[in-house]
Amino acid sequence: MSASRSLEGQVAVVTGAARGVGELLARKLSARGAKVALVGLEPEALKEVSERLHTDSDHWHADVTDHEAMARVAEEVKQRFGKVDIVVANAGVAAGGPFADSDPEAWRRVIEVNLIGGAVTARAFLPVLAESRGYFLQIASLAAITPAPMMSAYCASKSGVEAFAHCLRAEVGHKGVKVGVGYLSWTDTDMVRGADQDEVMRELRQRLPWPSNRTYPLGPAVDRIVAGIERRSPHVYAQWWLRGMQGVRGYLPGIIATVGQREMKRFEPRLTSVSRGLVGAGGAADEKERTLGTERH
């Protein structure tokens with residue numbers, strides 16, 4: 001295990017920082033002395049978060065899937081703070097329901113934000129991370145380890161970012177850049193609360209085996225992420241039991257396929273009622289941004 005290093009005076013970039021994991025992570029990094037650059041789609045919310053931080057901070061309005069915008073953000077963050085030591089690719093959206101009946105635009109957007117957005121963020125910030133011999137943390141999920149029915153876009157995106165981060169670690173390690181993957185189970189955020197508003201999705205989740213069937217408090221999860229950042233860990237587990245899932249993940253697709261068939265048959269009469277769009281406040285913000293972007297063009 002790597003030794004922890006002080007975050008005092010370090011410059012951290014957090015995407016998806018307006019709410020949830022990103023917002024609390026920014027606060028906890030700031031409390032440990034890091035200067036923080038907040039990136040997201042909600043400038044007013046980002047400004048409020050920035051104003052509450054303990055250290056020097058600033059915010060940028062940008063879509064993580066837009067390479068030109070993120071390259072500009074990387075340049076401006078370096079100009080503003082002089083360097084970048086830590087980048088956390090946290091921005092993410094989710095949609096649930098059967099793939100065959102899913103909204104193609106919402107399905108694609110989950111892949112774009114979660115997977116392409118993580119890669120665009122890395123591409124934009126790798127030059128400055130190489131200068132500082134810094135750390136890139138890609139937030140993934142239990143969904144990268146366990147392929148679950150009704151979550152095809154989210155699982156595909158999180159499996160993708162996990163693989164991307166592992167590839168990147170091998171590519172940039174000789175330059176002194178460390179790369180980590182953060183795993184979270186169901187954590188008390190707007191995204192999870194938004195998904196739980198759908199009765200079928202909520203019931204399906206409650207029928208998962210313990211300990212994956214409960215929602216975990218945000219604070220301890222983010223504390224574990226901060227500890228991982230301090231150690232620049234290759235793997236960061238927001239809940240204690242997730243580390244143990246790595247040893248059994250090879251068996252999970254077969255088990256989930258068998259159990260999933262039974263559950264889908266049980267719930268099939270009610271599947272038409274499942275919401276087809278992006279879930280939660282973050283999903284609403286993403287849809288609003290895309291609508292405004294269409295109107296501007």
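Look a little higher up for the structure.
Quick summary incoming for the structure in this document. Just so it is clear, the structure is predicted and the values come from calculations on it, not from any experiment.

With that out of the way, let us pick up the overall build of the chain. Each helix and strand counted, the chain has eleven helices and seven strands in total. Since a compact globule built from 297 residues should have a radius of gyration of about 19 Å, the 19 Å found for the chain is in line with a globular shape. For the C-alpha atoms alone, the extent of the chain along its principal axes is close to 55 × 50 × 35 Å. In the chain, which comprises 297 residues, the proportion classed as buried is 52%.

Our focus in this paragraph is the packing of aromatic side chains. The tally for this structure, following the rule as stated, stands at four aromatic pairs. Both rings, one in Trp-60 and one in Phe-81, keep their centres 6.5 Å apart while their planes meet at 55°; by these two values the pair is tilted. One end of the pair, Trp-60, is in strand S3 (residues 57-61); the other, Phe-81, is in helix H3 (residues 67-81), and 21 residues separate them in sequence. In terms of burial, Trp-60 and Phe-81 fall into one category: buried. The interplanar angle of 45° and the centroid separation of 6.1 Å between the aromatic rings of Tyr-216 and Trp-241 together place this pair among those described as tilted. Of this pair, Tyr-216 sits in the loop between helix H7 (199-206) and helix H8 (218-231) while Trp-241 sits in the loop between strand S7 (235-237) and helix H9 (242-245), and the two are 25 residues apart along the sequence. Across the pair, Trp-241 and Tyr-216 agree in class, each one buried.

Contact geometry of H3 with helix H4 (residues 104-132) gives a least axis separation of 8 Å together with a crossing angle of 25°. Relative to H4, the element H3 lies roughly parallel. The element H3 and its partner H4 pack so that their crossing is right-handed. For the pair formed by H3 and H4, the contact residues are His-67, Met-70, Ala-71, Val-73, Ala-74, Val-77 and Lys-78 on the first element and Val-120, Thr-121, Arg-123, Ala-124, Phe-125, Val-128 and Glu-131 on the second. Grouping the amino acids of the contact of H3 with H4 by side-chain chemistry returns nine nonpolar, two polar and three charged.

What counts as what
Residues numbered from 1 in each chain as written. Predicted model: local features only at pLDDT ≥ 70, side-chain atom pairs only at ≥ 80, totals over all residues. Heavy atoms only, no water. Helix = DSSP H or I, 4+ residues; strand = E, 2+ residues; numbered from the N terminus. Rg over C-alpha atoms; globule rule 2.2 N^0.38 Å. Buried < 20%, exposed > 50% of the residue type's maximum accessible area, 1.4 Å probe, protein only. Phe/Tyr/Trp six-rings, centres within 6.5 Å; stacked < 30°, edge-to-face > 60°. Axes fitted to C-alpha atoms, helices over the stretch in contact; angles between N-to-C directions. Parallel < 35°, antiparallel > 145°, perpendicular 65-115°, else oblique. Left-handed = near helix turned anticlockwise from the far one by under 90°. Contact = heavy atoms within 4.5 Å. Nonpolar A, V, L, I, M, F, W, Y, C, P; charged D, E, K, R; others polar.

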